[in-house]
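For reference, the chains in residue letters:
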Amino acid sequence: MDSRKIFLLVGALLVAAITAFMARSLISGSSAPVASAQMAPPMVTGTEVLVATKTLPVGTILDATSFKYQPWPKEMVEGAYFVKKDGFDPKTLQGTVVRTVITAGQPLTQGSLVKPGDRGFLAAALTPGMRAVTFPVENKNSVAGFVFPGDRIDIMLTQKVAGGGDGPPLSVAETIMKNIRVLATDQRTTTDVDDQGKTVVKNISMVTIEATPSIAEKISVARALGDLSVVLRPLADSASELDAAIADGSVKVPDGKDPKAERAMLDAASTQPTADKTTFATGADVSRFQRRTVPGKSASPYAGNSGGGNGYPGAAPANAGPTVRIARGNNVTEVPVGGKN
């Protein structure tokens, strides 16, 4: 055998030995798979009680999404809990008001809720610092039949503004309050449902709202000015209103990136009633044949083309003395000359 064949054979043996050594090292170095069994959380068995599905602040009006049944350890069930049993319908709690704060997942207790008709119910429904105000609404001019306790509304004032006697009064509609919480409709704090569980829509004539003392005073004045109607707001607030609240300082943006602080800021913005930066519309905004403004009544006895106070343009009062009538286009003005008053 020549030397070249011997060299190739030795090289092949070396490669095979090195490959076998590396394979053995990899097999011995890797740890054997360990079977790990994940223990499922123990299921709580016991009595089912009503718990809050979310944090319920003081004054919250309960609805169907506010609570649910959840198993609770039997030895920890208190007598004040609402236990699932025959003859108890959870729907009877809808419309009740939270008297003390209930955190998410905490059981509802009989002492933490106030039912409609109980003493102090309306006072419990009010947010601290707020007032309850009741006023009549025009069903034909609003969605009053579709407004229920817990909804948020805007309040609109419609009135006639008298002018200087040169035509019909000015018709004006103005949104005077925004984001107002409804406490009751026609002295009812609950929503009626039929046998199929559907909401019953009824026309109402009175609305009780939650307002600040300043807004309560303005509503009393607005009732004397004209007719009040309600406008239903969407469940989601407008982003532009939140930006405006942040800009004017009524809502403070928290420092840092705390999710809880940001959520509290959003909740404060969504529940804050306002009575400024209102909007309005006049008759001219609806029809070209209506007016946009009315001239004010002049204190001068010579009121130019608006008249001298008796409703006739350019008329001078009696015993006014000699006058000169000056016409400038359609405007006629009478000027006294040399007369004695």
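Here the structure is a predicted model, which is why all the values come from computation and not from measurement.

Lay out the overall build of the protein in plain terms, naming residues and giving numbers.
Secondary structure summary: the protein contains six helices and 12 strands in total. When each of the 341 residues of the protein is scored for burial, the buried share is 27%. Partitioning the intrachain contacts of the protein with sequence separation of at least 6 by distance along the chain shows that 66% fall at a separation of at least 24. Entry remark: accessible area of the protein is about 22,600 Å², with carbon and sulfur atoms responsible for 57%.

A description of helix 3 (residues 213–225) should follow, citing residues and the corresponding values.
Between the first and last C-alpha of helix 3 there are 19 Å, a value that for 13 residues agrees with the 18 Å anticipated at 1.5 Å per step. The inward-facing, buried residues of helix 3 abut strand 5 (131–136), strand 6 (152–161), strand 7 (170–185), strand 8 (206–211) and strand 9 (227–232).

Talk me through a nonpolar patch on the surface; I want residue IDs and the actual numbers.
Nonpolar side chains collect at one region of the surface, where V324, I326, V335 and V337 lie side by side and expose about 250 Å² of accessible area between them. With respect to the element layout, V324 can be found in strand 11 (residues 323–328). Residue V324 is classed as partly exposed on the basis of its relative accessible area of 36%.

Any details on the pairing of strand 7? Residues and values, ideally.
Residues in a regular strand project their side chains so that they alternate between the two faces of the sheet. The element strand 7 is largely enclosed, with a buried count of 13 among its 16 residues. Two elements, strand 6 and strand 7, share nine bridges in a ladder whose sense is antiparallel. Following the sheet pairing, T158 is matched in strand 7 by A173. In terms of strand pairing, strand 7 meets strand 8 through four bridges, oriented antiparallel. Directly across from A184, in strand 8, lies its bridge partner T208.

So, the environment of R181: which residues are in play, and what are the values?
One can find R181 in strand 7. Ignoring anything within four residues of it in the chain, the contact list for R181 reads G59, I61, A125, L126, T127, D151, R152, T208, I209 and E210. Within the local environment of R181, its side chain forms a polar contact with the backbone oxygen of G59, the two atoms lying 3.1 Å apart.

Break down the side chain of R152 for me, citing the residues and quoting the values.
Within the secondary structure layout, R152 lies in strand 6. Among buried Asp, Glu, Lys and Arg side chains, R152 stands out as unpaired, with E210 the closest opposite charge at 5.1 Å. A polar contact of 3.1 Å, which involves the side chain of R152, links it to the backbone oxygen of N179.

Run through the packing of aromatic side chains, naming residues and quoting values.
Summed over the entire model, instances satisfying the criterion amount to one aromatic pair. Cation over ring: K84 sits above Y69, and NZ or CZ is 5.4 Å from the ring centre.

Requested: an account of the nonpolar core, with residues and values cited.
Ranked by size, the top nonpolar core spans 21 residues in total, and within it F135, I153, I155, I209, I219 and L228 carry the most contacts. Sorting the residues of this core by element identifies strand 5, strand 6, strand 7, strand 8, helix 3 and strand 9 as the ones contributing at least two each. L93, V98, L108 and L113 belong to the second-largest nonpolar core, a separate cluster that totals 11 residues.

Which residues make up the environment of A123, and what are the values?
Looking at the secondary structure, you find A123 in helix 2 (residues 121–125). Residues A123 and G59, 64 residues apart in the sequence, show an inter-C-alpha distance of 8.5 Å.

Describe the side chain of T282, naming the residues involved and giving the relevant values.
Structurally, the position occupied by T282 is in strand 10 (residues 280–282). T282 sits in the buried class, given a relative accessible area of 6%. Sequence-distant contacts of T282, that is, excluding residues within four places in its chain, are made with L170, S171, V172, R291 and R292.

Can you explain the pattern of salt bridges? Please cite residues and give values.
In the structure shown here, the tally under the stated rule is four salt bridges. With a shortest N-O distance of 3.0 Å, D154 and R233 are connected by a salt bridge. With D154 in strand 6 and R233 in the loop between strand 9 and helix 4 (239–247), this pair connects stretches of sequence that are 79 residues apart. D285 serves as the salt-bridge partner of R292, at 2.7 Å between the closest nitrogen and oxygen. Taking relative accessible area as the criterion, R292 reaches 47% and is therefore assigned partly exposed.

Quick one: what's the story with the confidence of the model for the protein, residue by residue and with numbers?
Fine structural detail should not be taken from predicted coordinates in areas where pLDDT scores are low. Put simply, the protein has an average pLDDT of 75, and 66% of its residues get 70 or more. Note that residues 301–319 has pLDDT below 50 and, in this model, 28 contacts with residues that lie over four places away or in other chains.

Please set out unusual backbone geometry residue by residue, giving values where relevant.
Working note: non-glycine residues mostly have negative phi, and peptide bonds are mostly trans. Positive phi, normally seen in glycine, also occurs at N179, with a value near 60 degrees. Within the secondary structure, N179 is located in strand 7.

Mind laying out the environment of G105, listing which residues take part and the relevant values?
Counting through the fold element by element, G105 comes out in the loop between strand 3 (97–98) and strand 4 (113–114). Considered as a pair, G105 and Q70 are 35 residues apart in the sequence and their alpha carbons are 8.8 Å apart. Here G105 is in contact with V51, A52 and W72, once residues within four sequence places are set aside.

Thresholds, definitions, all that
Residues numbered from 1 in each chain as written. Predicted model: local features only at pLDDT ≥ 70, side-chain atom pairs only at ≥ 80, totals over all residues. Heavy atoms only, no water. Helix = DSSP H or I, 4+ residues; strand = E, 2+ residues; numbered from the N terminus. Buried < 20%, exposed > 50% of the residue type's maximum accessible area, 1.4 Å probe, protein only. Contact = heavy atoms within 4.5 Å. Areas by Shrake-Rupley, 256 points an atom, 1.4 Å probe, with all protein chains shown as cover. Expected span 1.5 Å × (residues − 1). Patch = residues over 30% accessible without salt bridge, like charges linked within 9 Å, V, L, I, M, F, W, Y side chains within 5 Å. Salt bridge = Lys/Arg side-chain N within 4 Å of Asp/Glu carboxyl O. Pairing = 2+ DSSP bridges. Polar contact = N/O pair within 3.5 Å; in protein donor to acceptor, adjacent residues only side chain to side chain. Lys, Arg positive; Asp, Glu negative; His and termini not counted. Phe/Tyr/Trp six-rings, centres within 6.5 Å; stacked < 30°, edge-to-face > 60°. Lys NZ or Arg CZ within 6 Å of the ring centre and 35° of its normal. Core = buried A, V, L, I, M, F, W, Y, C linked by side-chain atoms within 4.5 Å. pLDDT = per-residue confidence, 0-100.

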